[in-house]
Amino acid sequence: MNIEEKVDFSADAEAAVQLEAEAKAELDTMIYTHTFKEPFEFQGHTVTKLTFDWGGLTGEDHQAIEDDMLRHGQTLTIPSFSGPFLAGMAVRACLDRDDNGIRIVNADFLKALPLRDYQKIYFSARRFLLRSES
């Protein structure tokens with residue numbers, strides 16, 4: 001890139017402002033149930049839906065997610081716009097467990113999701129955080 005060329009991020013900033021306004025206007029739902037169009041299989045688990053309890057997360061969860069990010073060399077600036085933070089929220093908020101009571105959703109599970117499903121879960125977490133800022 002030529003030094004004289006500048007990247008215009010104004011469209012991204014406008015989209016972020018619009019997303020925040022839309023999130024604050026929505027009903028404040030603490031529970032999000034994601035239903036897959038087709039069953040998703042990962043490491044011996046087949047899921048057709050996942051339920052996330054965003055309202056059940058605590059300050060301890062926030063700190064644990066941030067600590068995990070730091071261990072991986074990532075710095076948290078704004079949680080609602082941090083992919084690793086939102087993914088950490090999804091792991092901790094998911095209520096679904098296997099027959100032994102162990103979480104079926106982890107970082108690898110999320111990375112393996114089809115992009116459309118990942119984005120819906122990710123944006124649900126983001127909307128929850130944005131609504132809490134108002």
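Summarised in this report is the structure supplied together with it. Residue positions within a chain follow its written sequence, with the count starting from 1. Local features in a predicted model are, by the rule used here, given only for residues with pLDDT of at least 70; side-chain atom pairs are given and counted only at 80 or more, and totals for whole chains, interfaces and linings are based on all residues. Only heavy atoms go into the side-chain values, all of them from the structure, while hydrogens and water stay out.

### Observations concerning the layout of surface pockets
In this model, the largest pocket occupies a volume close to 430 Å³. A pocket, in this scheme, is an open set of points on a 1 Å grid over the protein atoms alone with protein on both sides within 12 Å along at least 5 of 7 lines, while a cavity is a set where a 1.4 Å probe fits but cannot get out; residues line either one if an atom lies within 4 Å of a point. In terms of lining residues, the largest pocket is bounded by 18 residues, among which Asp 68, Pro 84, Ala 87, Gly 88 and Ala 107 are the most central. Among the secondary structure elements, those contributing two or more residues to the lining of the largest pocket are helix H2 (59–71), helix H3 (83–93) and helix H4 (107–112). Put simply, DSSP H or I for four residues or longer makes a helix, DSSP E for two residues or longer makes a strand, and each gets a number counted from the N terminus. Top contributing element to the lining of the largest pocket by residue count: H3, with 6 residues. In the scheme used here, Gly and all other residues not listed as nonpolar or charged are polar, with Ala, Val, Leu, Ile, Met, Phe, Trp, Tyr, Cys and Pro taken as nonpolar and Asp, Glu, Lys and Arg as charged. Classifying every residue of the lining of the largest pocket by side-chain character gives 9 nonpolar, 4 polar and 5 charged. Grid points are joined across faces, edges and corners, and a volume is the space filled by probe spheres set on the points.

### Focus: H2
The end-to-end C-alpha distance of H2, which contains 13 residues, comes to 18 Å, matching closely the 18 Å that a straight helix rising 1.5 Å per residue would cover. Those residues of H2 lying buried are Asp 61, Ile 65 and Met 69. Taken down its axis, H2 places every buried residue within 75° of arc, on the same side. Projecting away from the buried face of H2 at angles above 90 degrees are the exposed residues Gly 59, Glu 60, Leu 70 and Arg 71. Packed against the buried residues of H2 are H3. Residue Gly 73 follows H2 closely and has a positive phi angle near 75°. One less than the number of residues in a helix, times 1.5 Å, gives the span that helix is expected to have. The cut-offs for exposure are 20% and 50% of the maximum accessible area for each residue type, with area from a 1.4 Å probe on protein chains only; residues under the lower value are buried, those over the upper are exposed, and the others partly exposed. Comment: arc refers to directions from the helix axis out to C-beta atoms. Pairs of residues are marked as contacts when any of their non-hydrogen atoms sit within 4.5 Å.

### So, the pairing of strand S1 (residues 31–42)
When DSSP locates at least two bridges between a pair of strands, those strands are taken to pair. Note that S1 and strand S2 (residues 45–53) share 8 bridges and pair antiparallel. Pairing of Phe 40 across the sheet is with Val 47, part of S2. Counted along the chain from S1 to the antiparallel partner S2, the turn is 2 residues long, and its residue Gln 43 has a positive phi close to 45°.

### Let's talk about empty space enclosed by the protein
Per the stated rule, a full pass over the model turns up 1 cavity of 30 Å³ or more. Estimated volume of the largest cavity: approximately 40 Å³. Elements supplying a minimum of two residues to the lining of the largest cavity: H3 and helix H5 (115–132). Its residues assigned to classes, the lining of the largest cavity comprises 7 nonpolar, no polar and no charged.

### A closer look at unusual backbone geometry
Residues other than glycine predominantly adopt negative phi, and peptide bonds predominantly adopt the trans conformation. Phi at Gln 43 is positive, roughly 45°, even though this residue is not glycine. Following the sequence through the fold, Gln 43 ends up in the loop between S1 and S2.

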